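Here's the letter readout for the chains.
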Amino acid sequence: GVAECVRGKTVLEPSAGDGAIVKALLPYTREVTAVEVDCGRCSHLRQLPIKTVLNANFLGMTATPTFDCVVMNPPFVGTHYVSHVMHAYGFVKTGGTLFTILPATSRYSESGDHLKFREWVDSLYSTQWLDLPAGSFKSSGTNINTVMLRIRKQSW
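Residues numbered from 1 in each chain as written. Predicted model: local features only at pLDDT ≥ 70, side-chain atom pairs only at ≥ 80, totals over all residues. Heavy atoms only, no water.

J.: Could you give an account of the state of the cysteines, with specific residues and numbers?
T.: Going through the model one piece at a time under the given rule, you end up with one disulfide. Here C5 pairs with C69 through a disulfide, and the sulfurs are 2.3 Å apart. Between C5 and C69, the S-S torsion sits near -100°, and that sign places the bridge as left-handed. Of this pair, C5 sits in helix α1 (residues 2-6) while C69 sits in strand β4 (residues 67-72); the two residues are 64 residues apart in sequence, bridging distant segments of the chain. (Disulfide = S-S within 2.5 Å. Helix = DSSP H or I, 4+ residues; strand = E, 2+ residues; numbered from the N terminus.)

J.: Describe the sheet that holds strand β7 (residues 146-152), naming the residues involved and giving the relevant values.
T.: The sheet built from seven strands is open, its strands ordered β3-β2-β1-β4-β5-β7-β6 with mixed pairing. Whereas interior strands pair on both sides, the edge strands pair on one side only; in this sheet they are β3 (52-55) and β6 (126-131). When the angles between neighbouring strand axes are averaged without regard to direction, this sheet yields 15°. Summarising the sheet, strand β5 (residues 92-103) and β7 pair through seven bridges and their orientation is antiparallel. Bridge pairing in β7 links L98 to I151. Packing against the sheet, helix α4 (residues 80-89) makes contact with β4, β5 and β7, and its axis sits at approximately 165° to β5. Strand contacts of helix α6 (residues 112-122): β5, β6 and β7, with the helix running at about 130° to β6, the strand carrying the most contacts. (Pairing = 2+ DSSP bridges. Axes fitted to C-alpha atoms, helices over the stretch in contact; angles between N-to-C directions. Contact = heavy atoms within 4.5 Å.)

J.: Could you give me a rundown of α6, with the residues and numbers involved?
T.: Among the residues of α6, H114, F117, R118, W120 and V121 are the ones counted as buried. Considered in projection along α6, the buried side chains sweep an arc of 155° and stay on one side of the axis. For α6, exposure combined with an orientation more than 90 degrees from the buried face picks out K116, E119 and D122. Looking at the buried residues of α6, the elements they touch are α4, β5, α5 (105-108), β6 and β7. (Buried < 20%, exposed > 50% of the residue type's maximum accessible area, 1.4 Å probe, protein only. Arc of directions from axis to C-beta.)

Here it is in C-alpha cells:
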C-alpha cells in the first residue's frame, strides 16, 4: 500500500489543497514537497512539519524524476486529471511509484479522453487499479465514485 511506499521516502504532493494527503503522510515521512497554487492554502501547509511547500502551478513546473513517490488527488473537472497524472509521472524516480485518486470514469468511461488515458496507463511497466468504496470522500465534499491508480516506474 501507500504507507509501505512512502515510509522514509521523498514524496511529492502536486496539488496539496488543504493538506489532507500531506497530513496522512506525516506518520510515515516528513520528506514531503507540497505544491499548491493558492497562497492562503500554502500558508496553512507551511505550518506542517514537512520539507518544502511551493506556491506554484504544478503543470507549469519542469518535470524532473527526483521523487521516490508521488501521492496525489488531482482536479476531477472533466478529464483535467489526465494532464496532472501524466505530468506527475515525470517526477517519479526510476523504481518509484505514483499513487493517485481519480474519478471512476477514468477507469470505466468509454469516451475518447478516458480511453486515451487508459492506453497510456496500459503502456507503462506496472499498474494497478483499485475501486474505492462508494462515498469514500463524502466527508470532504466529493460524493462521486473513485478509484486509486498505482503506477510503478520501471527500474532497468
